[in-house]
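Structural description and commentary
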Amino acid sequence: MKKATSIIGTELRDDEVAMGSTVWIQAALFVKETAIAYRLIEQGIRPQFVAGHSIGAFPAAVIAGVLSFEDALRIVWLRARLMEEAFPEGYGMGVIIGLTKAEVQQAVDLSHSETMPVYLSNMNAEQQIAISGSLEGINKAFMHAKEFGAAKTVLLKVPIPSHSPLMSEVANKLLLKMHTFSMRDAQIPYLVNHTGRKTTAKEKIAEDLALNVAYPVRWMDMAAVCVESGANCFIEMPPGNTLSRLVKQAHKDTRQIAVCEIGLEATQYLIRKWKEQEE
């Protein structure tokens, strides 16, 4: 926290206003996820792959040795400010559960207009797909999704149209900024948000960190590539357990730990126990 304060020039906020601000939420997520991952590594628990969803890509890049904590926080701080300034109100994200990608795309196509833009966004699971855009467009897409038989529609607490073409200008500004930082090839394979593939090339990771804000996150593909490459245990950094549940649904033979549910000590104990059993 002290290091973060010295970099951004102010203490991280943790109050009601901060909970509704893209800037404070993204900065807090980056610091917390990175700190917990460092604690696990200090205890000898080293990941086989790193996979971050959206803002989670930045802690993943730090843990993989691509960017320093300091430079990553600087780009996260800039990213969040540009996103919030571009869309201060009237935009957001939602999720549609129970429809195929083709059905969600049809609901989006029927709702999209120049004045009420809405786009298909993150592919979280086979039938859990995010949409992004204006609140009017999202609500209209929800209406069509329910007509098509959607099991559930949820407006997310994300006040910006992330992972959609509306963020293209922000992405291009971030890409220019990324070139000013010193980066190294990844020491741990990194899963790319906008392709779902793995890489260790610093150029591809820099591109992903800058541009993923304008492209859907292919979490479903990222998890599948990890499993195909031999991963059998997924550890989710706080907060929440959403990604763990998505992996469990798609890959029932794998193990998942959400650190926020059982704590750091229990996480370390379980990983060591499972490793001993495998040996």
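Note: the structure precedes this text.
Let me sum up the structure you'll find in this document. Bear in mind the structure is a predicted one, so any value in this text is a computation, not a measurement. (Residues numbered from 1 in each chain as written. Predicted model: local features only at pLDDT ≥ 70, side-chain atom pairs only at ≥ 80, totals over all residues. Heavy atoms only, no water.)

As a further point, take the packing of helix H2 (residues 22-42) against helix H4 (residues 69-86). Where H2 meets H4, the closest approach of the two axes is 8 Å, and the angle between their N-to-C directions is 155°. Regarding the angle of H2 to H4, the classification is roughly antiparallel. Taken as a pair, H2 and H4 cross one another with a handedness that is right-handed. Contacts from Thr 22, Val 23, Trp 24, Gln 26, Ala 27, Phe 30, Val 31, Thr 34 and Tyr 38 in H2 reach Phe 69, Ala 72, Leu 73, Val 76, Trp 77, Arg 79, Ala 80, Arg 81, Met 83 and Glu 84 in H4. (Axes fitted to C-alpha atoms, helices over the stretch in contact; angles between N-to-C directions. Helix = DSSP H or I, 4+ residues; strand = E, 2+ residues; numbered from the N terminus. Parallel < 35°, antiparallel > 145°, perpendicular 65-115°, else oblique. Left-handed = near helix turned anticlockwise from the far one by under 90°. Contact = heavy atoms within 4.5 Å.)

In this section: the pattern of salt bridges. Enumeration over the complete set of coordinates arrives at 4 salt bridges. When the shortest N-O distance is used, the salt bridge between Lys 3 and Glu 70 registers 3.7 Å. Residue Lys 3 is found in helix H1 (residues 2-8), and its partner Glu 70 is found in helix H4; the two are separated by 67 residues along the sequence. For Lys 3, a relative accessible area of 44% puts it in the partly exposed group. (Salt bridge = Lys/Arg side-chain N within 4 Å of Asp/Glu carboxyl O. Buried < 20%, exposed > 50% of the residue type's maximum accessible area, 1.4 Å probe, protein only.)

Before going further, it helps to spend a moment on the side chain of Asp 208. Of note, Asp 208 is situated in helix H8 (residues 202-211). No salt bridge forms around the buried Asp 208; measuring N to O, its nearest opposite-charge neighbour Arg 79 is 8.9 Å away. Of note is the side chain of Asp 208, whose polar atom sits 2.6 Å from the side chain of Tyr 190. Discounting residues that sit within four places of it in the chain, Asp 208 has contacts with Tyr 190, Leu 191, Val 192, Asn 193 and His 194. (Lys, Arg positive; Asp, Glu negative; His and termini not counted. Polar contact = N/O pair within 3.5 Å; in protein donor to acceptor, adjacent residues only side chain to side chain.)

All right, on to helix H9 (residues 219-228) then. One turn of the α-helix equals 3.6 residues, which is why residues spaced by three or four share an orientation. Three or more residues of H9 are buried, namely Trp 219, Met 222, Ala 223, Val 225 and Cys 226. Relative to the axis of H9, the buried residues are bounded by an arc of 160° and lie together on one face. Packed against the buried residues of H9 are strand E2 (118-125), strand E5 (190-191), strand E6 (198-199), strand E7 (233-236) and helix H10 (242-250). Gly 230 occupies a position one or two residues after H9 and carries a positive phi of about 110°. (Arc of directions from axis to C-beta.)

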